[in-house]
Amino acid sequence: MTDILTVTDLKKYFVVGRSSWPKRESITVKAVDGISFTMREGETLGLVGESGSGKSTVAYITVGMYSPTSGSLKFRDQDLFQADGKRPIRLKKDIQIVYQDPGSSLNPRRTIKDILKMPLQLHQPGKNRLEQIVYLLDIVDMPPEYMYKYPYMLSGGEKQIVAVARALATDPSLIILDEPTSALDVSVQAKTINLLLRLQQEFQLTYLFITHDLSLMRNVASRVAIMYLGKICEIAETADFFQKPLHPYTQMLLSSIPVISEEEEAFKPKKVISTGEIPSPVNIPSGCSFTTRCPFVMAVCREIDPAMVEAGPGHKVRCHLFTQPKPATVEGPG
Amino acid sequence: MNEASPLLEIKDLTVQFSVYAGKLQVLDGVDFYMYPGEKVGLVGETGCGKTTTMKAILRVLPSPPAIISRGDIFFDGQDVLRMNEEDLSRVRGRGISMIFQDPTAALNPVFSIGEQFGYVIKYSAPPGKSLTKQEIHLRAVNALQEVALADPERLLRSYPIQLSGGMRQRVCIGMALATNPTLLIADEPGTSLDVTIQDQVLRLLRTLVEEKNTSVILITHTLGIVREMTDRVYVMYAGDIVEMAVTKNLFANPLHPYTQGLISTVPRLTGGGIASGIPGRIPNYLTPPPGCRFHPRCPHIMDICRTEKPPTYRVNDDHDVACFLFQTENRA
Amino acid sequence: MNNVILSGRHLKTTISAEQIKTLKKASRRENLGRSWYKFSRNPMSVVGLVMVVSLILIAIFAPFVAPYPKHAGPFTDFHNAKIPPGLRYFFGTDVIGRDVLSRIIFGLRSSLLMGVVVLALVVPPGVMLGLVAGYFQDTWIDTVIMRITDIFLAVPPLILALAVASVLKPNLWNGMLAVSLMWWPWYTRLVYGRAVALRNEYYVSAAEVTGASTAHILFREILPNTLSPILTKMSIDIAWVIIIGSMLSFVGLGVQPPEPSLGTMIADGSRYLPDQWWIAVFPALAIVLIVLGFNLMGDGVRDMFGAEAS
């Protein structure tokens with residue numbers, strides 16, 4: 001299996017203002033602060049995190065909305081960000097995104113037909129656009145009558161399906177799904193996820209699946225990475241991630257999820273209950289960023305930021321509880 | 001369960017909305033009751049009418065276009081729908097408090113927390129008794145301490161924008177409980193918060209409500225939260241109550257096909273894949289399906305379902321279903 | 001890599017070109033119906049619309065509607081001067097015997113024409129500049145455009161119009177030009193604000209990451225979402241342009257005698273208040289009616305673009 005995406009030491013800092021007199025220093029948000037991972041072709045890599053984790057920023061950089069402050073992204077060994085910061089148009093078609101909020105990802109003043117026509121005109125040969133649109137709608141199980149409707153006439157789930165169709169229109173290889181079902185009801189979510197899984201099979205797509213819903217992640221991703229304040233805390237194959245969560249934040253997140261069966265309740269880690277607020281990304285604690293909330297915090301944690309180490313086959317974690325004499329040097333699927 | 005009289009009773013509530021193409025039949029004869037001290041959940045997906053029901057209780061439905069065409073609402077024995085404005089404002093301020101989904105929208109950004117607290121406390125004082133500034137301030141500080149917010153003095157001087165989402169929601173909870181309401185209506189209280197923060201806020205809410213013995217109606221579409229926070233649950237679909245049960249029993253033994261479908265679509269933390277979901281979509285409220293509104297999507301459909309609306313049957317103590325599959329049981 | 005579109009899979013549903021055409025027509029009709037429904041929620045908007053349409057029709061058919069069309073040109077009849085309103089001359093006659101009603105009807109023509117022409121001159125460039133400046137916010141493009149806009153806005157509008165109109169030959173067209181020069185910055189500002197807000201919308205990002213051209217983004221993604229305030233402003237602006245135009249002709253710039261203009265009529269007639277009140281009052285009432293009609297209609301236009309109930 002080839003590596004379709006390689007991210008190396010990616011950083012994205014936003015300067016959001018200046019502090020008050022007399023220091024007048026720049027205030028920087030370190031949205032993404034050095035992350036590395038790779039994606040294999042055809043897999044679904046899950047990215048989990050709460051506010052301030054940087055997961056959406058990673059998504060936006062990958063799809064081309066932001067350019068990185070430092071670090072590199074390679075798509076099939078081609079640099080995504082050229083020297084001038086622009087992305088060549090053929091790479092624009094290969095990576096697409098489905099946004100979280102179906103209400104604002106479709107232009108309310110354009111019909112479904114117009115919304116789908118735009119990517120087709122840019123990236124697909126042929127002139128029979130209407131036919132192509134009918135085709136696209138068929139692929140996502142939407143009746144052709146929807147062509148002339150406006151987004152406000154559609155339900156949330158249907159709008160998201162149109163967003164998926166729009167992403168598919170350019171014939172991409174990698175689709176970033178940024179919380180695609182978070183705004184939807186749970187029964188609609190099931191339908192949408194099933195559609196996405198079917199499409200992945202049919203068109204050999206690779207998914208970067210971002211969500212805060214770990215129950216959903218368990219059933220969708222093949223590998224999971226969890227982020228906190230701009231850094232990856234833990235990354236592992238799905239089964240491993242859920243059965244043997246190593247990082248205290250992973251355990252905290254897992255213990256906070258509302259579940260609906262006794263079985264799941266028993267499965268949740270009990271040792272780490274959620275406490276404390278998520279620090280503002282403008283003011284990240286020194287050393288390990290999780291020190292303000294970690295029940296296992298040690299002296300070294302406040303001083304040195306832990307490095308990513310391999311704690312098991314394909315299971316990496318960034319925590320002093322696991323620091324071994326030699327941290328892992330290769331940042332790959334393992 | 002039948003010791004005292006119910007705190008809140010809704011009978012046959014029917015609400016319509018006028019729009020371009022006609023009238024939307026939003027609520028179609030909703031029955032609901034709760035006793036003092038209970039924590040009742042109202043579960044349903046977007047558009048099922050749960051928020052409309054709650055807004056009807058407080059009489060804050062925009063009318064026009066909303067019309068309450070039938071039904072009664074009794075709060076503490078009083079007829080809410082026919083009350084005059086004065087009595088109603090007393091119910092709104094002191095009898096019933098509400099917490100909303102988005103704490104950012106519920107707090108006025110141009111007033112400090114202290115000012116907003118003061119307003120709420122001042123206007124909810126019993127008639128004839130006005131509170132001094134010191135008394136109001138003290139009550140506000142107490143309320144903030146109860147919701148585990150540090151440094152209440154400084155917080156009262158702050159503005160909502162300086163607070164995090166979790167803190168704002170705690171402030172809203174504090175404000176809602178500061179008036180010692182008999183009934184607290186919480187509309188999706190954790191949905192806009194991060195999961196770890198939501199867990200903290202909900203645990204806090206549960207503790208406070210149990211301490212003060214406040215009755216609670218919790219509206220949500222997240223089944224996991226209903227299971228953790230409520231004693232009894234109503235399940236709504238397309239403007240109808242389809243099932244009502246003690247929470248444990250609802251999850252252990254869901255009776256209505258919709259409830260079964262809903263529970264099956266929740267992904268499990270323990271794995272198991274994604275269910276196929278409930279086929280079809282929610283009905284058109286302009287021309288809802290005749291008979292049972294769920295029949296076009298029901299795997300157990302019978303002929304009668306297409307023509308007649310199922311009444312509510314009592315299957316066990318405190319387990320009601322509105323489904324013809326149970327027509328051999330007694331009516332509720 | 002499977003090409004999604006050309007993979008030749010079987011379609012689950014088929015639809016013919018004919019059916020698509022019918023769909024298109026049906027959806028057009030439904031959209032119009034919906035817009036009308038929203039517009040007509042408020043009966044006063046419909047009243048406004050009726051007023052505006054009537055005024056436009058009267059202006060177009062002026063030679064046929066006016067009882068004494070010749071009075072709108074060089075005409076004098078001192079025997080019938082200063083006659084109060086009555087059966088023969090509905091609004092009376094002025095100091096040189098011209099029927100006030102007929103002159104108002106023809107004056108309406110030039111007022112409405114001014115409104116339409118000025119907006120046609122002003123709106124396209126104003127909106128364009130606002131779109132470009134807003135989308136390229138915080139770049140030199142933004143700075144240049146908005147500072148020029150600010151300069152024009154800083155000059156008191158009427159003074160600017162007067163200055164321009166007095167430099168050029170005084171006639172209707174130069175009057176319109178003068179008003180146009182002071183009017184465009186308002187549209188730029190209006191659209192600028194909206195464009196700045198809209199450029200961060202997800203659907204704009206979706207177009208950008210797919211590689212859409214700037215022209216597509218400006219005109220097909222952002223512009224349709226700014227139409228609501230633009231059209232609402234336009235419907236109310238017509239009234240304002242007419243008032244400004246009347247002010248210009250009141251001071252002798254703009255339309256020249258003997259062509260009738262509402263403003264000139266008020267100016268001339270004001271000398272004869274209160275005895276021959278009808279010479280000034282009726283033209284003033286006409287302006288009031290025009291402004292009222294457009295304002296009421298403007299409310300409806302705003303409602304028409306309002307949010308749909310979910």
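Residues numbered from 1 in each chain as written. Chains lettered and ligands numbered in written order. Predicted model: local features only at pLDDT ≥ 70, side-chain atom pairs only at ≥ 80, totals over all residues. Heavy atoms only, no water.

1. Focus on the overall build of chain C
The test is simple: Note on conventions: DSSP H or I runs of at least 4 residues are helices, E runs of at least 2 residues are strands, and numbering of each starts at the N terminus. All radius of gyration figures rest on C-alpha atoms, and the globule criterion is 2.2 Å times the number of residues raised to 0.38. In this scheme, a residue with accessible area under 20% of its type's maximum is buried, one over 50% is exposed, and one in between is partly exposed, where area comes from a 1.4 Å probe on protein chains only.
The secondary structure content of chain C amounts to twelve helices and zero strands. Walking chain C from its N terminus toward its C terminus, one meets helices and strands in the order α-α-α-α-α-α-α-α-α-α-α-α. Taken over C-alpha atoms, the radius of gyration comes to 25 Å for chain C, far larger than the 19 Å a tight globule of 310 residues would show. In terms of overall dimensions, chain C has C-alpha extents of about 95 × 50 × 30 Å along its principal axes. Expressed as a percentage of the 310 residues in chain C, the buried residues total 47%.

2. Describing the interface of chain B and chain A
In plain terms, the rule: Contact between two residues is taken to exist if any of their heavy atoms lie within 4.5 Å; hydrogens are not considered. Take the accessible area each of two parts loses on contact, using a 1.4 Å probe, and add the two losses: that sum is the buried area. Salt bridge, as used here: a side-chain nitrogen of Lys or Arg that lies within 4 Å of a carboxyl oxygen of Asp or Glu. Definition of a polar contact: a pair of N or O atoms within 3.5 Å, with one able to donate and the other able to accept a hydrogen when the atoms are protein atoms, and with sequence-neighbouring residues admitted only if both atoms are side-chain atoms. The nonpolar class holds Ala, Val, Leu, Ile, Met, Phe, Trp, Tyr, Cys and Pro. Asp, Glu, Lys and Arg form the charged class, and all remaining residues, Gly among them, are polar.
Each partner contributes residues to the interface: chain B has 37 residues there, and chain A has 46 residues. Interface area, chain B with chain A, both sides summed: about 3400 Å², of which 53% is carbon and sulfur. Area buried by chain B at its contact with chain A is led by B:R227, B:L269 and B:I274, which between them contribute 22% of it. The interface formed by chain B and chain A includes four salt bridges. For A:E262, the salt bridge goes to B:R227, with nearest N and O atoms at 3.5 Å. At the junction of chain B and chain A, the tally comes to 22 residue pairs in polar contact (both at pLDDT 80 or more). Examining the composition of the side of chain B that touches chain A, we find that seven residues originate from one element, helix 8 (residues 195-212) of chain B, more than from any other. Along the lines of polarity and charge, the residues of the side of chain B that touches chain A split into 14 nonpolar, 15 polar and eight charged.

3. Details of the sheet that holds strand 4 (residues 70-75) of chain A
Residues and elements named next belong to chain A. To keep it simple, the criterion reads: DSSP calls a pair of strands paired once it identifies at least 2 bridges connecting them.
With antiparallel pairing, the four strands of this open sheet are ordered in space as 2-1-4-5. Of all strands in the sheet, those bounded by a partner on one side alone are strand 2 (26-40) and strand 5 (78-79). Summarising the sheet, strand 1 (residues 3-18) and strand 4 pair through five bridges and their orientation is antiparallel. Across the sheet, residue T6 finds its bridge partner in strand 4, namely K74.

4. Side note on the sheet that holds strand 2 (residues 22-34) of chain B
Residues and elements named next belong to chain B. Here is the rule: For helices, the axis comes from a line fit to the C-alpha atoms of the stretch in contact; other axes are also lines fit to C-alpha atoms, and the angle between any two N-to-C directions lies between 0 and 180 degrees.
Strand order in the open sheet formed by four strands is 2-1-4-5, and the pairing between neighbours is antiparallel. Edge positions in the sheet fall to strand 2 and strand 5 (78-79), since each of these pairs with one other strand and no more. With eight bridges connecting them, strand 1 (residues 8-19) and strand 4 (residues 66-75) associate as antiparallel partners. In the strand pairing of strand 4, T14 is matched with R70. Strand contacts of helix 1 (residues 50-57): strand 1, strand 2 and strand 4, with the helix running at about 110 degrees to strand 1, the strand carrying the most contacts.

5. Remarks on the pairing of strand 11 (residues 309-312) of chain A
Across three bridges, strand 11 of chain A lies against strand 12 (residues 315-317) of chain A in antiparallel orientation. Residue A:V309 lies in a different strand from strand 12 of chain A, and its bridge partner there is A:V317.

6. A look at the pairing of strand 9 (residues 232-237) of chain B
All names here are of chain B. Across the six residues of strand 9, six count as buried, placing the element largely inside the fold. Covered by surrounding structure in strand 9 are R232, Y234 and M236 together with V233, V235 and Y237, the residues of both alternating faces. With six bridges connecting them, strand 9 and strand 10 (residues 240-246) associate as antiparallel partners. Residue pairing across strands places M236 opposite I241, the latter belonging to strand 10. Linking strand 9 to strand 10, which pair antiparallel, is a turn of two residues; within it A238 sits at a positive phi near 50 degrees.

On their own, these measurements won't tell you what the molecule is for.
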